[in-house]
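Each chain, letter by letter, is given below.
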Amino acid sequence: MASHSDTLVVFFGATAGANGGKLGSDEREIILLVWQIVDLHEKKVGKLHSYYVKPDSLELTDQCKEETGLTVEDIIKAEPLDKVLQQFQQSVSSEVKSLGRSSFTLLVNSPLVIRQVLHPEASKKNLVLPECFFSFVDLRKEFHKCCPNAGPAQKQTLVSMLECILFLLAHFVCFPGHKFACVETVNYKFDSGACCKTEPVDSETVIRARGLPWQSSDQDIARFFKGLNIAKGGVALCLNAQGRRNGEALVRFIDSEHRDLALERHKHHMGCRYIEVYKATGEEFLKIAGGTSNEVAQFLSKENQVIIRMRGLPFTATSQEVLSFLGPESPVTDGAEGLLFVKYPDGRPTGDAFVLFSCEEYVQNALKKHKQILGKRYIELFRSTAAEVQQVLNRYMSTPLISTLPASPIVPVLASQPFLPAATSTRDCVRLRGLPYTAGIEDILEFMGEHTVDIKPHGVHMVLNQQGRPSGDAFIQMKSADRAFMVAQKCHKKTMKDRYVEVFQCSTEEMSIVLMGGTLNRSGLSPPPCKLPCLSPPTAYAAFPTSPAMLSEAAFYQPPLLAAPRHPQTTVASPAHTLAYYPPQPHLYMNMNMNYTAYYPR
């Protein structure tokens, strides 16, 4: 029987858009598939098969019409891609069998038709490709290997395919013992894995993908780049300062050729969103995905595991409590060994954990527990990646200290009032999270409605980020813990300017910790990444003279929903029920993460 390389299937394809060297770069669908069998043992060629393919969109570009000679009328009655692929498989199997052979080699005159067109389109349409499309020979590489001094190959056309067949016959008549050495493969699936910070990463193999849906997993990203081979553990999802995904990922491919093909997918779509693709460096990839922890390396050493991240765990949660929470329908790989609790450098728990599962069924069962209660807290569960495990561990183990940036100058204010109260454990405050960035004091007061009268004097604190822009947070001191509890119950998830706002009850102590980098939700407080000195601004500030220019935008601000603010020189007390407020003063106080602006109710 003839060897595997003696029977070739020469394969060609065209799309409704760009062809030749830009084939697949514009995300257009396949409209033409052509193939022909070449029997090198007998020096014969089989029948030329040419099939039109009906795309979902029947629009053809002028370039396509010119290069293929096809019109919309030619393809409107054609079969869809899945039917044509079935015909391909049946036709090739029948002809190969008639030659007395059991296998064949797929040969193309450009890998683009396989990597940039066929695999991506089949992935989007959830089609299962025949196994022969995961291994092929690029004739151009074979040609240049045999004829290294030859010029660049002509662009890919149907004529070039016929020329390719003639070249094969001529070459193998002269060199009957030739064997194909450059057999290329397409990975069946993406393999997750760990990456060490000391591992060399070639910058010519890394890209940055931007605009990803926040819930995207590494498998979703690998699916977007289907047809290109990603290195093991080569998808690193980026996290923001709060530890949440920011819509970006760094992807490492097996070589620069695949990286260059990935760049051609710039602004291709993942669902309804287009994804931007840019060059990145190996240093950037290692910063996100690299790790040095032996504990993490051991955790990620188990092959073919699916990772789930749990967030919001009680700080006292044990391995057995987590396993019981997940239940017998979603068994964890190796029991407690399949759990990795994330901790601060001093050993304190962060409330995060990663869990390994052996199959997709167990993962789906576990994800059904999303936002169910463990202890007194609801737990968030979502898919994760090996790179995210490294990134989260790196973030918490980096032991950040107070920012060494130069202190922001204190802008003078008119009132000599305490800026923030002394920290206590009395839960007489509320935190507003998710405020529209355009929200002002009057919007907050309208949002609180009847509870506005229960605000303490000097009790509304708007939070700004380090750039001086609204962060979407505010803290409000109420007259008592009962009033704060009532506000949190009545106002939680009420709408302000088409956005729902979360309202949590807290204490001034918790408020200070949050402003230093900790987190607070309805289930409790998570401390900041490391022990920091207590942030306690001076109890009083002197009344500095302020220039009129400094007051032009802030001191004369008139909240339209309230009674007119009092003049800065007025000190006469008003009845308790009057809703008159000081105008917002541009008083900023800077710590590691935040600036604050205080608004003083009268």
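Located above this text is the structure these notes cover.
The structure displayed is predicted, hence computed values, not measured ones.

*Asks:* What is the right way to read the overall build of the protein chain from this model?
*Replies:* Looking only at helices and strands, the protein chain has 16 helices and 28 strands in total. Across the 602 residues that make up the protein chain, the buried fraction comes to 50%. Residue pairs at least 24 apart in sequence account for 73% of intrachain contacts in the protein chain once pairs closer than 6 positions are excluded. Accessible surface, the protein chain: about 28900 Å² in total, of which carbon and sulfur atoms supply 54%.

*Asks:* Even after reading the chapter, I still don't get the side chain of Ser 384, so can you show me in this structure?
*Replies:* If you trace the backbone, Ser 384 turns up in strand E19 (residues 377-384). Of the polar contacts made by the side chain of Ser 384, one reaches the side chain of Glu 388; its length is 2.7 Å. Sequence-distant contacts of Ser 384, that is, excluding residues within four places in its chain, are made with Asp 218, Arg 245, Ile 307, Ile 308, Arg 309 and Phe 354.

*Asks:* Which parts of the structure should I look at to understand the sheet that holds strand E13 (residues 273-279)?
*Replies:* Picture the strands of a sheet paired through backbone hydrogen bonds; they go either parallel or antiparallel. Within the open sheet, the five strands sit side by side as E10-E11-E9-E13-E12. Their pairing is antiparallel. The sheet is open, and its two edges are formed by strand E10 (230-239) and strand E12 (268-270), each paired on a single side. With strand direction ignored, the average angle separating the axes of adjacent strands in the sheet is 35 degrees. Pairing of E10 with strand E11 (residues 245-253) involves five bridges; the strand directions are antiparallel. Residue pairing for E11: Ala 236 is matched across the bridge by Leu 250. Against the sheet, helix H8 (residues 256-263) touches strand E9 (206-210), E11 and E13, its axis set at about 140 degrees to E13.

*Asks:* What should I look at first to understand the nonpolar core in this one?
*Replies:* Buried together is how nonpolar side chains tend to be arranged in soluble globular proteins. Counting 48 residues, the largest nonpolar core has Phe 11, Leu 33, Phe 88, Ile 114, Phe 133 and Phe 225 as its most contacted members. Residues lining this core come from more than one domain, with at least three contributed by each of domain 1 (7-185) and domain 2 (206-289). Counting residues in hydrophobic clusters, the runner-up holds 22 residues, among them Ile 441, Ile 444, Val 460 and Ala 488.

*Asks:* Is there a simple way to think about the environment of Val 235 in this case?
*Replies:* Tracing the backbone shows Val 235 in strand E10. Beyond its immediate stretch of four places on either side in the chain, Val 235 contacts Phe 190, Asp 218, Ile 221, Ile 230, Leu 250, Val 251, Thr 385 and Ala 387.

*Asks:* Which parts of the structure should I look at to understand the pattern of salt bridges?
*Replies:* A pair can form between side chains of opposite charge whenever their charged atoms are brought close. For the structure shown, the criterion picks out 26 salt bridges. Arg 259 is the partner of Asp 260 in a salt bridge, and the nearest nitrogen-oxygen pair spans 3.1 Å. Beyond isolated ion pairs, a larger network of salt bridges with shared partners links Arg 115, Lys 141, Glu 184 and Glu 257.

*Asks:* I would appreciate a short explanation of the packing of aromatic side chains in the present structure.
*Replies:* Any two aromatic rings considered together are summarised by their centre-to-centre distance and by the angle between their planes. Under the defined criterion, the tally for this structure stands at eight aromatic pairs. Between Phe 11 and Phe 88 the ring centres are 5.6 Å apart and the planes differ by 75 degrees, which places this aromatic pair in the edge-to-face class. Of this pair, Phe 11 sits in strand E1 (residues 7-15) while Phe 88 sits in helix H3 (residues 81-98); the two residues are 77 residues apart in sequence, bridging distant segments of the chain. On the accessibility criterion, Phe 11 (1% relative accessible area) is buried. Aromatic rings pair up to connect Phe 11, Trp 35, Tyr 51, Phe 88 and Phe 133 into one cluster.

*Asks:* Would you mind showing me how to read the side chain of Gln 505 here?
*Replies:* Here Gln 505 lies in strand E24 (residues 499-506). A residue is classified by how much of its surface remains accessible, and Gln 505, at 17% relative accessible area, is buried. At a separation of 3.2 Å, a polar atom in the side chain of Gln 505 contacts the main-chain carbonyl oxygen of Ala 481.

*Asks:* Looking at this structure, how should I read unusual backbone geometry?
*Replies:* Residues apart from glycine generally show negative phi values, whereas peptide bonds are mostly found in trans. The phi dihedral of Glu 27 falls on the positive side, at around 65 degrees, and the residue is not glycine. Note that Glu 27 resides in the loop between E1 and strand E2 (30-39). With relative accessibility at 24%, the residue Glu 27 sits in the partly exposed group. Even without a glycine there, the phi angle at Lys 493 is positive, about 65 degrees.

*Asks:* Even after reading the chapter, I still don't get the pairing of E2, so can you show me in this structure?
*Replies:* Taking burial as the measure, the ten residues of E2 include ten buried ones, the bulk of the element. Bridge count for E1 against E2 is nine bridges, and the pairing is antiparallel. The residue of E2 that forms the bridge with Phe 12 is Val 34. One ladder, built from four bridges, connects E2 with strand E4 (residues 49-52); its direction is antiparallel. Bridge pairing links Trp 35 to His 49 in E4. Summarising the sheet, E2 and strand E3 (residues 44-45) pair through two bridges and their orientation is antiparallel. The partner of Asp 39 across the bridge, within E3, is Lys 44.

*Asks:* When you look at the sheet that holds strand E16 (residues 339-343) in this model, what are you seeing that I'm missing?
*Replies:* Strand order in the open sheet formed by five strands is E16-E17-E15-E19-E18, and the pairing between neighbours is antiparallel. The sheet is open, and its two edges are formed by E16 and strand E18 (372-374), each paired on a single side. Across the sheet, the mean angle separating the axes of adjacent strands is 35 degrees when strand polarity is ignored. As paired strands, E18 and E19 are joined by three bridges and run antiparallel to one another. When the bridges of E19 are listed, Ile 373 appears paired with Tyr 378. The sheet strands contacting helix H11 (residues 319-326) are strand E15 (306-311), E16, strand E17 (349-357), E18 and E19, and the helix crosses E16 at an angle near 125 degrees. Together, E15, E17 and E19 form the strand contacts of helix H12 (residues 360-367), whose direction differs from that of E19 by roughly 150 degrees.

*Asks:* How do you make sense of H8 when you look at a structure like this?
*Replies:* Residue pairs three or four apart in sequence face the same way in an α-helix, which turns once every 3.6 residues. For H8, every residue scored as buried is listed here: His 258, Arg 259, Leu 261 and Ala 262. Seen along its axis, H8 keeps its buried residues to an arc of 160 degrees; they face one direction. Against helix H4 (112-124), E9, E11 and E13 lie the buried residues of H8. Of the residues that open H8, the one with a side-chain oxygen 3.1 Å from the backbone nitrogen of Glu 257 is Asp 255.

Calculation rules
- Residues numbered from 1 in each chain as written.
- Predicted model: local features only at pLDDT ≥ 70, side-chain atom pairs only at ≥ 80, totals over all residues.
- Heavy atoms only, no water.
- Helix = DSSP H or I, 4+ residues; strand = E, 2+ residues; numbered from the N terminus.
- Buried < 20%, exposed > 50% of the residue type's maximum accessible area, 1.4 Å probe, protein only.
- Contact = heavy atoms within 4.5 Å.
- Areas by Shrake-Rupley, 256 points an atom, 1.4 Å probe, with all protein chains shown as cover.
- Polar contact = N/O pair within 3.5 Å; in protein donor to acceptor, adjacent residues only side chain to side chain.
- Pairing = 2+ DSSP bridges.
- Axes fitted to C-alpha atoms, helices over the stretch in contact; angles between N-to-C directions.
- Core = buried A, V, L, I, M, F, W, Y, C linked by side-chain atoms within 4.5 Å.
- Domains from an automatic or database assignment.
- Salt bridge = Lys/Arg side-chain N within 4 Å of Asp/Glu carboxyl O.
- Phe/Tyr/Trp six-rings, centres within 6.5 Å; stacked < 30°, edge-to-face > 60°.
- Arc of directions from axis to C-beta.

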